[in-house]
Amino acid sequence: MWGPPDAPMRPAPVRPAPLIDPFQRAITYLRVSVTDRCDLRCVYCMSEDMAFLPKRDLLTLEELDRVCTVFVERGVRKLRITGGEPLVRRDIMHLFRGLSRHLASGALDELTLTTNGTRLKQHAAELADLGVRRINVSLDTLDPDKFRAITRRGDLPVVLDGIAAARAAGLKVKINAVALKGVNEDEIAAMLAWAHGEGMDLTLIEVMPLGEVEPDRTDQFLPLSVVRERLQARHTLTPLPDRTGGPARYVRVEETGGRLGFITPLTHNFCESCNRVRLTCTGRLYLCLGQEDAADLRAPLRASPDNALVAEAIAEAITRKPKGHDFVIERAARPAVPRHMSTTGG
């Protein structure tokens, strides 16, 4: 019995050799800050009176696409778009549309973003259509008054509507919450119950000493070792081997069935398996969140219409990636690095 001829065998795509740092870690994850601007002013992240960069200093969306493409060509498998708040950047969906071609080709495993959720309702459906499958939403409290105090201007129902729109569009949502002593430590258990009840992961983050802010961070700092002990008094936390590409270490909360992550840059350094570098909206490539060494990619990007010079600059920069950061948090000490988190990318 005759049948149709066999389809020609398509060779498996050849993956490029990844960028390898001096400690033999493959760099497969790029976090890209598309703007230092944000429509909130969270007390642990920004000064109330922020001086934002002139727009002329920012890479264009086309330049951001070029740099991301070079990284993908050198083995990066995950791109996370950050800010500031990425969705306040004018025409930001143009960048997502462009980068989605790397998902379609199979060159990229994941395109995602971290957002404060204020503009998520308007963009969630298109993000899902472009191949974004999961997102992180920064949310530190479920109390509207406390939310406004932490963000200095935010409206909690707007963020909750954005989260609902994202989930309706089929996006998997993870909530990121910064643990703040005397501010939200009394509602972490309630946030855990809410997130898991809605089918969302929750990740807790220690406050990081980046940039000058008005409150003293020693007053904000809440060790997650303390939080974990408190949670263990009422929940069974089972360690998980799960990794999502970032620094979080996960447990399963047996009573809820949900996943809880801990990001502990101060009480437990997470650098040993770091596979990440960060690109700022001005084209500076930071090799470590907690170090000042960076490479200028804007100059080589603008010096030539092809990508050879920027590819060379990236490769050279990776040879300088340090083993880890040296975060400490002490009263009267200056921040570990002077730049704000919104400049580097959250």
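Everything discussed here concerns the structure shown above.
Quick caveat: nothing in here was measured; it's all calculated off a predicted structure. (Residues numbered from 1 in each chain as written. Predicted model: local features only at pLDDT ≥ 70, side-chain atom pairs only at ≥ 80, totals over all residues. Heavy atoms only, no water.)

Asks: Looking at this structure, how should I read the overall build of the protein?
Replies: Per the secondary structure count, the protein includes 11 helices and 14 strands. Counting across all 346 residues of the protein, residues that qualify as buried make up 55%. Nonlocal contacts in the protein, meaning residues at least 24 apart in sequence, comprise 73% of its contacts between residues at least 6 apart. (Helix = DSSP H or I, 4+ residues; strand = E, 2+ residues; numbered from the N terminus. Buried < 20%, exposed > 50% of the residue type's maximum accessible area, 1.4 Å probe, protein only. Contact = heavy atoms within 4.5 Å.)

Asks: Is there a simple way to think about the nonpolar core in this case?
Replies: In summary, soluble globular proteins display a tendency toward joint burial of nonpolar side chains. With 94 residues, the main nonpolar core has Leu-30, Phe-71, Phe-96 and Leu-204 as its most contacted residues. For this core, the leading source of residues is helix 1 (residues 61–73), giving seven residues. Excluding residues within four positions of it along the chain, Leu-30 makes contact with Cys-68, Phe-71, Val-76, Lys-78, Leu-79, Arg-80, Val-277, Leu-279 and Leu-285. (Core = buried A, V, L, I, M, F, W, Y, C linked by side-chain atoms within 4.5 Å.)

Asks: Please explain the sheet that holds strand 3 (residues 29–33) as it appears in this structure.
Replies: Two orientations exist for strands paired in a sheet by backbone hydrogen bonds: parallel and antiparallel. With respect to topology, 12 strands assemble into an open sheet ordered 9-10-11-8-7-6-5-4-3-12-13-14, the strand pairing being mixed. Strands at the two margins of the open sheet, each flanked by one partner only, are strand 9 (237–239) and strand 14 (294–296). On average, adjacent strands in this sheet sit at an angle of 25 degrees to one another, irrespective of strand direction. Sheet topology places strand 7 (residues 172–179) next to strand 8 (residues 201–206); six bridges connect them, and they run parallel. Its bridge partner being in strand 8, Val-178 is matched across the sheet by Ile-205. Packing of helix 5 (residues 156–168) onto the sheet brings it into contact with strand 6 (134–138) and strand 7, and relative to strand 7 it is tilted by some 150 degrees. Relative to the sheet, helix 8 (residues 224–232) contacts strand 7, strand 8, strand 9, strand 10 (249–253) and strand 11 (258–263), its axis offset from that of strand 8 by approximately 140 degrees. (Pairing = 2+ DSSP bridges. Axes fitted to C-alpha atoms, helices over the stretch in contact; angles between N-to-C directions.)

Asks: Hey, could you run me through helix 10 (residues 308–318) in this one?
Replies: Three or four residues apart is the spacing at which side chains of an α-helix point the same way, because the helix has 3.6 residues per turn. Of the positions making up helix 10, those classed as buried are Val-310, Ala-313, Ile-314, Ala-317 and Ile-318. Buried residues of helix 10 fall within an arc of 130 degrees about the axis and therefore sit on the same side. (Arc of directions from axis to C-beta.)

Asks: Whenever I open this one, the side chain of Thr-115 confuses me. Can you help?
Replies: Considering the arrangement of structural elements, one finds Thr-115 in strand 5 (residues 110–115). A distance of 2.9 Å separates a polar atom in the side chain of Thr-115 from a polar atom in the side chain of Glu-85. Here Gly-117 takes part through its backbone nitrogen, which lies 3.0 Å from a polar atom of the side chain of Thr-115. Ignoring any residue separated from it by four or fewer positions in sequence, one finds Thr-115 in contact with Glu-85, Leu-87, Leu-120, Asn-136, Val-137 and Ser-138. (Polar contact = N/O pair within 3.5 Å; in protein donor to acceptor, adjacent residues only side chain to side chain.)

Asks: Please explain the state of the cysteines as it appears in this structure.
Replies: Here, disulfide denotes a covalent bond that connects the sulfur atoms of two cysteines. If you walk through the whole model with that rule in mind, you get zero disulfides. In this structure Cys-38 is a free cysteine whose sulfur lies 6.4 Å from that of Cys-42, the closest cysteine sulfur available. By relative accessible area, which is 18% here, Cys-38 ends up buried. Unpaired in this structure, Cys-45 has its nearest cysteine sulfur neighbour in Cys-42, at a distance of 6.3 Å. For Cys-45, a relative accessible area of 18% corresponds to the buried category. (Disulfide = S-S within 2.5 Å.)

Asks: Looking at this structure, I do not really get the environment of Ala-124. What am I missing?
Replies: Assignment of secondary structure puts Ala-124 in helix 3 (residues 120–129). Classification of Ala-124 by relative accessible area gives buried; the value is 1%. The residues contacting Ala-124, other than those within four sequence positions of it, are Ala-165, Ala-166, Ala-169 and Leu-171.

Asks: I tried to follow the pairing of strand 3 on my own but got confused; where do I start?
Replies: Consecutive residues of a regular strand have side chains that alternate between opposite faces of the sheet. Counting buried residues along strand 3, five of its five residues qualify, which places the element largely inside the surrounding structure. Judged by which residues are buried, strand 3 turns out to be covered on both faces: Tyr-29, Arg-31 and Ser-33 on one side and Leu-30 and Val-32 on the other are all buried. Inspection of the sheet shows strand 3 paired to strand 4 (residues 78–82) by five bridges, in the parallel sense. By the bridge assignment, Tyr-29 is partnered in strand 4 with Lys-78. With respect to chirality, the unit in which strand 3 leads through helix 1 into the neighbouring parallel strand 4 is right-handed. Alignment of strand 3 against strand 12 (residues 276–279), held across four bridges, turns out to be parallel. Pairing of Tyr-29 across the sheet is with Arg-276, part of strand 12. (Right-handed = clockwise from strand over helix to strand, strands pointing away.)

Asks: Sorry if this is basic, but what is going on with the packing of aromatic side chains here?
Replies: Aromatic ring pairs: the centre-centre distance and the angle between the two ring planes describe each pair. Applying the stated rule across the entire model yields zero aromatic pairs. The aromatic ring of Tyr-29 is capped on one face by Lys-78, whose charged end is 4.4 Å from the ring centroid. Above the face of the Tyr-250 ring, Arg-259 is positioned so that its terminal group lies 4.4 Å from the ring centre. (Phe/Tyr/Trp six-rings, centres within 6.5 Å; stacked < 30°, edge-to-face > 60°. Lys NZ or Arg CZ within 6 Å of the ring centre and 35° of its normal.)

Asks: What should I look at first to understand the pattern of salt bridges in this one?
Replies: Should the charged atoms of two oppositely charged side chains come close, the side chains can pair. Across all of its chains, the model carries 17 salt bridges by this definition. Note that Glu-110 is salt-bridged to Lys-78, the shortest N-O span being 3.8 Å. Taken together, the positions of Glu-110 in strand 5 and Lys-78 in strand 4 put the pair 32 residues apart, joining distant regions of the chain. With respect to class, Glu-110 is no different from Lys-78; both count as buried. (Salt bridge = Lys/Arg side-chain N within 4 Å of Asp/Glu carboxyl O.)

Asks: Even after reading the chapter, I still don't get helix 1, so can you show me in this structure?
Replies: Counted at 1.5 Å a residue, the expected span for helix 1 with its 13 residues is 18 Å, and the 18 Å between its end C-alpha atoms agrees. The set of residues buried in helix 1 consists of Leu-61, Glu-63, Leu-64, Asp-65, Val-67, Cys-68, Thr-69, Val-70, Phe-71 and Val-72. Residue Gly-75 follows helix 1 closely and has a positive phi angle near 100 degrees. (Expected span 1.5 Å × (residues − 1).)

Note that all results are geometric; they support no functional claim without further evidence.
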